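# Fold and contact review
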Amino acid sequence: MKEVKSLEEFIKGIPKAELHLHIEGTFEPELMFEIAKRNHVKIKYSTVEEIKSAYNFSNLQDFLDIYYAGAQVLLTEQDFYDLTWAYLEKIHAENVIHTEIFFDPQTHTGRGIKFSTVINGIHRALEDGRTKLGINSKLIMCFLRHLDEESAFKTLENAIEFKKWIDGVGLDSSELGHPPSKFQQVFEQARRQGFLTVAHAGEEGPAEYIWEALNLLKISRIDHGNNALNDEKLLKELVNKKMPLTICPLSNLKLQVVKDLKEHPLKKLMDHGILATINSDDPAYFGGYMVENYIAISKALNLSKEDIYILAKNSFIASFLEEEVKKDMIERVDRYYKENK
Ligand code: ADE
Ligand code: ZN
């Protein structure tokens, strides 16, 4: 007789893609201590417990202050390799077979680290992930929206030399007061150079920022997008355009975008016909990688195996994978669901 998988086992086993993941947000305290020691960099905390107890955020900015401080420890190409490799090993154990990773070059170039140091380390780990772990990947370079557009233009210029390794550009950091319109020109230039575009919008910011990301930045996906639920017309537009949302449940909880996961808009968005996906955002800071995110939101919203199957399938539909590879991965999800529902 066929063994019936528990919801947790079903979630762990289903092939998944991650589409919203900041590599600097995967920096686990243990690795942070190790790298700080070998680089002779002082950090504010002396134990893992101390660091973890500092991870009590009341909003996005609270978190970003700690996240940027943690990234200061990263100095060499090997540091960026180790950071990326540690993440790939984690998701390998969770059946994440494709990942689209954000990196924030300005966080590093702003303190004198070369763009090439950052990207060489990340890229080498992604290549090893492909050959040693069988994990497919894409790389998305984010502009920090609290900085000016001129700095974003300089970053885009730095990226040209590494264009073959970068699939898209994105927009992250402090959302309120920094609308997508601030970056309209640099996104236009990026698109002209062949980059796909995404942007964080509607995490803390209003639905208006999502409209701007759509109409001015011509994005292919919205990162977060929770606040779309406040605007009926926008919801219709997103459904018509089959515009994916990269939802991050544990991030939303930790940053108090929602007070309780039971109030999370995911299911309502899905019921409206939105192409939603589940992602971990900054797993080292928010208490969980992909499987923990799927489990937490499934329990809070009473999701069924069919819901989880749809979410996993959506993650490939919304990916930047080449059509043939995408089709192949979707077939793997379909087969898994048929055999384990
Ligand atoms: N950078 C890292 N995580 C982020 C998030 N959740 N929102 C905006 N910027 C970020
Ligand atoms: Zn994010």
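Now for a look at the structure at hand. (Residues numbered from 1 in each chain as written. Chains lettered and ligands numbered in written order. Predicted model: local features only at pLDDT ≥ 70, side-chain atom pairs only at ≥ 80, totals over all residues. Heavy atoms only, no water.)

What the protein contains, in helices and strands, is 17 helices and eight strands. Here the C-alpha atoms of the protein give a radius of gyration of 19 Å, agreeing with the 20 Å that 2.2 N^0.38 yields for 341 residues. Oriented by its inertia axes, the alpha-carbon framework of the protein measures out at about 55 × 45 × 40 Å. Sequence separation of at least 24 residues holds for 77% of the intrachain contacts in the protein that already meet a minimum separation of 6. Approximately 14,100 Å² of the protein is accessible, and the part contributed by carbon and sulfur atoms is 50%. Side chains of the protein give 43 positive and 53 negative charges; the mean places of these two sets differ by 3 Å. (Helix = DSSP H or I, 4+ residues; strand = E, 2+ residues; numbered from the N terminus. Rg over C-alpha atoms; globule rule 2.2 N^0.38 Å. Contact = heavy atoms within 4.5 Å. Areas by Shrake-Rupley, 256 points an atom, 1.4 Å probe, with all protein chains shown as cover. Lys, Arg positive; Asp, Glu negative; His and termini not counted. Charge placed at Lys NZ, Arg CZ, Asp CG, Glu CD.)

Right, let's talk about the coordination of the zinc ion (ligand 2) for a bit. Ligation of the zinc ion (ligand 2) by protein atoms is provided by His20 (NE2), His22 (NE2), His200 (NE2) and Asp281 (OD), these donors lying 2.0 to 2.3 Å from the ion. If you look at the zinc ion (ligand 2), its four donor atoms make angles of 83 to 175° with each other, and the shape they trace is irregular. Expressed as a motif, the donor residue spacing for the zinc ion (ligand 2) is H-x1-H-x177-H-x80-D. Taken together, the residues span a long stretch of sequence, with His20 in strand β1 (residues 16-22) and Asp281 in the loop between β8 (276-278) and α14 (283-286) at a distance of 261 residues. The same class applies to His20 and to Asp281, which are both buried. (Donors = N, O, S within 2.8 Å, 3.2 Å for Na, K, Ca; no water. Tetrahedral: all angles 85-135°; square planar, octahedral: opposite > 155°, others 65-115°. Buried < 20%, exposed > 50% of the residue type's maximum accessible area, 1.4 Å probe, protein only.)

As a further point, take the site of ligand 1. For ligand 1, the full set of nearby residues is His22, Leu60, Phe63, Leu64, Tyr67, Asp172, Ser173, His200, Glu203, His224, Asp281 and Asp282. Here a nitrogen atom of ligand 1 and a backbone polar atom of Ser173 are 2.8 Å apart. Glu203 has a polar side-chain atom sitting 2.8 Å from a nitrogen atom of ligand 1. Here ligand 1 loses 100% of its free accessible area of 260 Å² to cover by the protein chains. Judged by its atoms lying within 2 Å of the grid points, ligand 1 is housed in the largest cavity. Among the elements that take part in the shell around ligand 1, helix α4 (residues 60-71) stands out by supplying four residues, more than any other. Residues that form the shell around ligand 1 fall into these classes: four nonpolar, four polar and four charged. (Near = heavy atom within 4 Å. Polar contact = N/O pair within 3.5 Å; in protein donor to acceptor, adjacent residues only side chain to side chain. 1 Å grid on protein atoms, 1.4 Å probe; cavity = no way out; pocket = protein on both sides within 12 Å on 5 of 7 lines; lining within 4 Å. Sits in = over half its atoms within 2 Å of the grid points. Nonpolar A, V, L, I, M, F, W, Y, C, P; charged D, E, K, R; others polar.)

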